[in-house]
Amino acid sequence: MAHDFDVIVVGAGLAGLATARRLTQAGVQVKVFESSDGVGGRVRTDRVDGFSLDRGFQLYNMAYSEGKQILDHKSLNLKKFRKGVRLLLDDQILELGISISNSKDFYNHFDRAATFKLIKYLVALTVSKPEDLARRADIASSTTLTGLIGRNEIVDQVLKPFLSGVFLEPNLNTSRRWLDQVLRFFVLGSPGVPATAMDSIPKQLIRGLPQELIQLNTEVTQVSAQTVIANGREYSAKYVVLGADPATNARLTKADAIKMNSVTTWYHAISTRHRGTKTKLLAIDGSTNPSLLTNSCVITDIAPSYAPKKMELISSSAVGIHESDLSDKVALDHAATLHSLNPNQMSLIKKYVISQALPAANSPFVSRTSAVQSSGIYLASDSNHSPSINGALASGRITADAILNNIHRGNNS
Ligand SMILES: Cc1cc2nc3c(=O)[nH]c(=O)nc-3n(C[C@H](O)[C@H](O)[C@H](O)COP(=O)(O)OP(=O)(O)OC[C@H]3O[C@@H](n4cnc5c(N)ncnc54)[C@H](O)[C@@H]3O)c2cc1C
């Protein structure tokens, strides 16, 4: 039977793009249908009045194993955060750097035995293989941390608020298996943002690929192993890859919905003359009664091109959905406190409420790496590997390789 394409990929997020790129480079004829007006999925950036606004605060880490294989790190020109935190406490704000080789800020401020246990844990992660970490007996991250480090201020004031912003859930129910892998990335690499914002990542994935590969503004409403209905028209392919967001993937395959964590990000501007001392640290609230924000940073301290000249951009996020005007006021005041700024000199540029940000990775967490479903439909998604840019890219690679193997074996040709 003659097909319209060798492979149809539904969705031009990182997972779909990674699949399409690998297959195209192997000489396979691919078509990507993307429902929105651009590529990147959850990794997109809006340009507003000279500011670059990532759709929700997120970071890339040079230690991402998949990123190393598929992306040109040099041309991403990653601007890195300093490792550590700017920490708001009840009566002071501290700037605490931390690395395996230099943890004196932590030793000076926190209980020495607890600091030692934390460093020991981090060192152990760096010498572990990711596949071994993924196989450990699984429990919640909160239980893991109090078990390893004890009940103390490092856990309550630093690790819990910091990790809530990484997992996008406040109770640290996230799996220890995923915690270990995330911390390993943090220790081995430095998180940051590309000099010209997060959408540099999808832009790089499509560089050099044929323009007709991706058809935007094309919503897929039905899928089977060899057909899709896109914008009301049926197309056929030897292989169909579902690379939409987890909720859509589940709906189109009539699978159970995947629990997703939510986040709200506010972008505020302030004039450079009101900025004060720069810091490349992520600010978190470790006080007894923390206010709304989970984390905040002056992103232009790290990557100046996020704002027009003489302006600074502050990115602040809170776990969950915060639609109200009151939340905007609280977020503004909290961000000002975290950065020792005057809220009257700050203005809201835009706010993003993202209900479907990250697949929850509660324990027991299994990185599902099987690319093909029983229906014969292939899946490429962070939810099919691990909730991160690295997970989306890995899922895309695994799916492309599964199809290439099939093609080489002569199946479906
Ligand atoms: C606010 C936020 C913060 C994050 N922080 C980090 C971080 O710091 N570090 C990190 O590593 N990861 C982070 N992530 C996670 C990371 O962005 C995702 O894991 C990854 O981008 C998921 O890629 P994906 O391709 O699996 O899915 P998606 O990005 O969801 O892509 C799916 C694509 O399919 C399209 N689509 C949907 N339905 C259809 C349809 N019916 N027909 C056609 N196309 C369709 C969508 O428009 C989209 O383009 C964050 C995510 C968010 C939202």
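That block above? That's the structure.
Residues numbered from 1 in each chain as written. Predicted model: local features only at pLDDT ≥ 70, side-chain atom pairs only at ≥ 80, totals over all residues. Heavy atoms only, no water.

### Topic: the nonpolar core
- Counting 94 residues, the largest nonpolar core has Val-7, Val-30, Tyr-60, Leu-145, Leu-163 and Ile-389 as the members making the most contacts within it.
- For Val-7, the contacting residues outside a window of four places in its chain are Leu-23, Val-28, Gln-29, Val-30, Lys-31, Ala-237, Tyr-239, Val-241 and Ile-403. (Core = buried A, V, L, I, M, F, W, Y, C linked by side-chain atoms within 4.5 Å. Buried < 20%, exposed > 50% of the residue type's maximum accessible area, 1.4 Å probe, protein only. Contact = heavy atoms within 4.5 Å.)

### As for the site of the ligand
- Inspection of the region around the ligand gives 34 residues, with Glu-34, Arg-42, Tyr-64, Asp-382 and Ile-389 positioned closest.
- In the environment of the ligand, an oxygen atom lies 3.1 Å from a nitrogen or oxygen atom belonging to the backbone of Leu-14.
- Here an oxygen atom of the ligand sits 2.9 Å away from a polar atom, N or O, in the main chain of Ala-15.
- If you list the elements that add at least two residues to the shell around the ligand, you get helix H1 (14-25), strand E18 (346-359) and helix H14 (389-409).
- Considering every element that reaches the shell around the ligand, the biggest residue donor is E18, with three residues.
- Looking at the shell around the ligand residue by residue, the class counts come to 17 nonpolar, 12 polar and five charged. (Near = heavy atom within 4 Å. Polar contact = N/O pair within 3.5 Å; in protein donor to acceptor, adjacent residues only side chain to side chain. Helix = DSSP H or I, 4+ residues; strand = E, 2+ residues; numbered from the N terminus. Nonpolar A, V, L, I, M, F, W, Y, C, P; charged D, E, K, R; others polar.)

### Brief notes about empty space enclosed by the protein
- Tallied over the full model, the rule gives one cavity of 30 Å³ or more.
- Its volume calculated, the largest cavity comes out at about 30 Å³.
- Lining the largest cavity we find Val-166, Phe-167, Thr-174, Trp-178, Asn-261, Leu-358, Pro-359, Ala-361 and Pro-387.
- Breaking the lining of the largest cavity down by element, the ones donating at least two residues are helix H8 (153-167) and E18.
- Residue classes in the lining of the largest cavity are distributed as seven nonpolar, two polar and no charged. (1 Å grid on protein atoms, 1.4 Å probe; cavity = no way out; pocket = protein on both sides within 12 Å on 5 of 7 lines; lining within 4 Å. Points joined across faces, edges and corners; volume = space filled by probe spheres on them.)

### Regarding the packing of helix H5 (residues 112-126) against helix H7 (residues 141-149)
- The N-to-C vectors of H5 and H7 enclose an angle of 120 degrees; their axes lie 9 Å apart at closest approach. Here H5 lies oblique to H7, going by the angle between them. Taken together, the residues of H7 that come into contact with H5 (itself represented by Ala-114, Lys-117, Leu-118 and Tyr-121) are Thr-144, Leu-145, Leu-148 and Ile-149.
- Class assignment for the residues of the contact of H5 with H7 results in six nonpolar, one polar and one charged. (Axes fitted to C-alpha atoms, helices over the stretch in contact; angles between N-to-C directions. Parallel < 35°, antiparallel > 145°, perpendicular 65-115°, else oblique.)

### Thoughts on the side chain of Glu-66
- Relative to the elements of secondary structure, Glu-66 occurs in helix H2 (residues 65-70).
- Apart from residues no more than four positions distant in its own chain, Glu-66 is found in contact with Asn-390, Leu-393, Ala-394 and Arg-397.

### Quick notes on unusual backbone geometry
- The amide bond that connects Ser-363 to the next residue, Pro-364, takes the cis arrangement and shows omega of -5 degrees.
- When you line up the elements, Pro-364 lands in the loop between E18 and strand E19 (378-379).
- Within the chain, Asn-77 stands out as a residue other than glycine whose phi angle is a positive 50 degrees.
- Considering the arrangement of structural elements, one finds Asn-77 in the loop between helix H3 (73-76) and strand E6 (78-80).
- We classify Asn-77 as partly exposed; its relative accessible area is 37%.
- Despite not being glycine, Lys-310 has its phi angle at roughly 70 degrees, a positive value.
- Position of Lys-310 relative to the elements: it lies in the loop between helix H12 (299-302) and strand E17 (311-319).
- Take Lys-310: its relative accessible area is 69%, and that puts it in the exposed class.

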